[in-house]
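Geometric and topological summary
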Amino acid sequence: MRLLEAASAHQAGAPAKQLAREAGLALPTAYHLLRTLTHEGYLCRDKGVFVLGEAAERLSASGAQQNRRGMIGEALEHWRDVIGVPVYFALYREGEIEVVGVADTPGNPAVEEWADFRETGHAHAIGQCLLAQLDDEQRQDHLSRYPVQSITPYSVRDDRSLLRRLDGASRMKPMVERQEYALGTVCAAIPITAGNAAATMAISVPSYQEDRLLPAAERLQDEIGKLLGTLAFSISI
């Protein structure tokens with residue numbers, strides 16, 4: 001690892017002796033490790049100097065991805081604590097609904113995913129909010145793969161009813177669903193303009209606390225602008 005760190009500090013590469021010295025290793029040991037790292041693709045030798053290889057670049061990309069997810073997690077936890085409700089962040093990417101992060105507490109638990117969120121986008125606020133941001137062709141493609149089906153007595157019944165609701169959605173107002181995905185739970189989702197992907201922030205509360213839903217959603221909507229850069233950054237996850 002010290003050899004990799006030393007190599008990463010030299011964009012144009014560095015010879016074995018210099019890397020050994022910077023890593024604090026005996027030269028024979030450094031030569032042995034450098035051969036191994038080169039064989040495994042973590043380093044590449046070019047004209048007598050070592051530079052990072054493709055395996056190290058993949059490792060770096062994975063680390064950056066984890067860092068971005070950590071940033072989103074911290075943002076969600078902030079809003080959870082400020083507003084006092086579970087908070088969700090989701091994207092529509094490559095034809096699929098993807099819940100990127102959730103922040104909740106034992107006292108205010110998130111909705112349990114008892115039916116696959118990807119397949120039941122018509123029934124929950126997150127999915128409805130994301131589908132409302134798609135064009136007609138994208139919506140039809142999604143519904144051809146994941147047709148509307150009632151999963152609770154309150155769920156939308158057919159494609160026509162769903163599309164009518166989506167067409168009536170406003171980018172200025174939360175998308176609300178009441179017990180359509182999970183009995184005893186009401187949810188609100190807010191469309192996010194960040195990058196080119198459809199995105200949403202959402203909250204949920206027990207149905208007996210429904211009077212908290214819209215005030216909490218409005219507060220979240222007011223707060224979102226403060227950390228919109230973090231949300232936009234996460235689109236590349």
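In the block above lies the structure referred to throughout.
This text gives an overview of the structure that appears in the document. (Residues numbered from 1 in each chain as written. Predicted model: local features only at pLDDT ≥ 70, side-chain atom pairs only at ≥ 80, totals over all residues. Heavy atoms only, no water.)

Applying the stated criterion across every chain, the model contains one cavity of 30 Å³ or more. Put simply, the largest cavity is a space of about 100 Å³. Lining the largest cavity are Tyr88, Val111, Phe117, His124, Ala125, Ile126, Glu177, Tyr181, Cys187, Ala202 and Ile203. Those elements that place two or more of their residues in the lining of the largest cavity are helix H5 (125-132) and strand E7 (197-206). The class makeup of the residues in the lining of the largest cavity is nine nonpolar, one polar and one charged. (1 Å grid on protein atoms, 1.4 Å probe; cavity = no way out; pocket = protein on both sides within 12 Å on 5 of 7 lines; lining within 4 Å. Points joined across faces, edges and corners; volume = space filled by probe spheres on them. Helix = DSSP H or I, 4+ residues; strand = E, 2+ residues; numbered from the N terminus. Nonpolar A, V, L, I, M, F, W, Y, C, P; charged D, E, K, R; others polar.)

Further remarks concern the pairing of E7. Most of E7 is tucked away, with eight of its ten residues classed as buried. One ladder, built from six bridges, connects strand E3 (residues 87-93) with E7; its direction is antiparallel. Pairing of Ala90 across the sheet is with Thr200, part of E7. (Buried < 20%, exposed > 50% of the residue type's maximum accessible area, 1.4 Å probe, protein only. Pairing = 2+ DSSP bridges.)

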